[in-house]
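Structure at a glance
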Amino acid sequence: MAISTKMRAGKKLKTWIRSRVICALAGLVAATALLPASAQNIDLTVAEKAWIEGHPVIRVHNETDWPPFNFSVGGTPSGFSIDYMRLLAEQAGLGVEFVSGPSWNDFLDMMRAGDLDVMLNIVDTPARREYLLFTAPYAITSPVLAAQDQVTNLNSL
């Protein structure tokens, strides 16, 4: 998950979000099982609470077809990352507006411009660190290539 550097909610809130976006995913576990009991009581500063009051809804990217993490069913955002984001936002007292439709590059441009607050399922790169803050991964996926048995000349991607 990446957070726009323009989304300045205070160090404690960012640390809280990062600390909750943990866990290597060893299968799809119910998202509620990933939140520790301590997530129920967030101790925010007056400034952080004021930021949330002034920014009660955050804009979060939603892909249309990246199951099981981030996809859309009949226009409704779905998937593990979507459920996890909803839980995090609820615990912080934030509303979420999911944004669907733009291309991947358009989503990146929106993050750069501050028109989008959170981008899910994004790889941390040096270039992206220039305008994004990254959380620890909450899921680890392994790249896989499947080929038919009769394909013998496959030497690289």
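Everything quoted here is computed from the prediction, not taken from an experiment. (Residues numbered from 1 in each chain as written. Predicted model: local features only at pLDDT ≥ 70, side-chain atom pairs only at ≥ 80, totals over all residues. Heavy atoms only, no water.)

Another point: the overall build of the protein chain. The number of helices and strands found in the protein chain is six helices and eight strands. In the protein chain, the succession of α and β elements from N to C terminus is β-α-α-α-β-β-β-β-α-β-α-β-α-β. Relative to its 157 residues, the protein chain shows a buried fraction of 40%. A fraction of 67% describes how many contacts in the protein chain between residues 6 or more apart in sequence connect residues 24 or more apart. (Helix = DSSP H or I, 4+ residues; strand = E, 2+ residues; numbered from the N terminus. Buried < 20%, exposed > 50% of the residue type's maximum accessible area, 1.4 Å probe, protein only. Contact = heavy atoms within 4.5 Å.)

All right, on to the pattern of salt bridges then. Counting across every chain of the model gives four salt bridges. Ionic pairing is found between Arg86 and Asp83, a salt bridge with its closest N-O pair at 3.8 Å. Within this pair, Arg86 and its partner Asp83 are both found in helix α4 (residues 80–92), separated by three residues, close to a single helical turn. Accessibility expressed as a relative area gives 35% for Arg86, which makes it partly exposed. (Salt bridge = Lys/Arg side-chain N within 4 Å of Asp/Glu carboxyl O.)

Listing the buried residues of helix α5 (residues 104–113) in full gives Phe107, Leu108, Met110 and Met111. Considered in projection along α5, the buried side chains sweep an arc of 160 degrees and stay on one side of the axis. Where α5 ends, the next residue or the one after it, Gly114, has phi of about 80 degrees, a positive value. (Arc of directions from axis to C-beta.)

Next up on the list: the sheet that holds strand β4 (residues 70–73). Overall, antiparallel pairing links the three strands, which are arranged β3-β4-β5 in an open sheet. Strands with a single pairing partner mark the edges of an open sheet, and in this sheet they are β3 (65–66) and β5 (76–78). Bridging between β4 and β5 involves three bridges; their strand directions are antiparallel. Its bridge partner being in β5, Ser72 is matched across the sheet by Pro77. (Pairing = 2+ DSSP bridges.)

In this section: the side chain of Ser78. In this fold, Ser78 is placed in strand β5. Of the polar contacts made by the side chain of Ser78, one reaches the backbone oxygen of Thr76; its length is 3.1 Å. (Polar contact = N/O pair within 3.5 Å; in protein donor to acceptor, adjacent residues only side chain to side chain.)

Here we come to the packing of aromatic side chains. Applying the stated criterion across every chain, the model contains five aromatic pairs. For the ring pair Tyr84 and Tyr138, a centre distance of 5.6 Å and an interplane angle of 20 degrees mean the geometry is stacked. Taken as a pair, Tyr84 in helix α4 and Tyr138 in the segment after β8 (132–134) lie far apart in primary sequence, 54 residues in all. Like Tyr138, Tyr84 is buried. (Phe/Tyr/Trp six-rings, centres within 6.5 Å; stacked < 30°, edge-to-face > 60°.)

It is worth spelling out the pairing of β4 at this point. As defined by bridge partners, β3 adjoins β4 across two bridges and the pair is classed as antiparallel. Pairing of Trp66 across the sheet is with Asn70, part of β4. Hairpin connection between β3 and β4: a loop of three residues separates the two successive antiparallel strands. Counting the residues in the hairpin turn of β4 and β5 gives two residues, including Gly74, whose phi is positive at 60 degrees.

The analysis is restricted to geometry; functional conclusions fall outside its scope.
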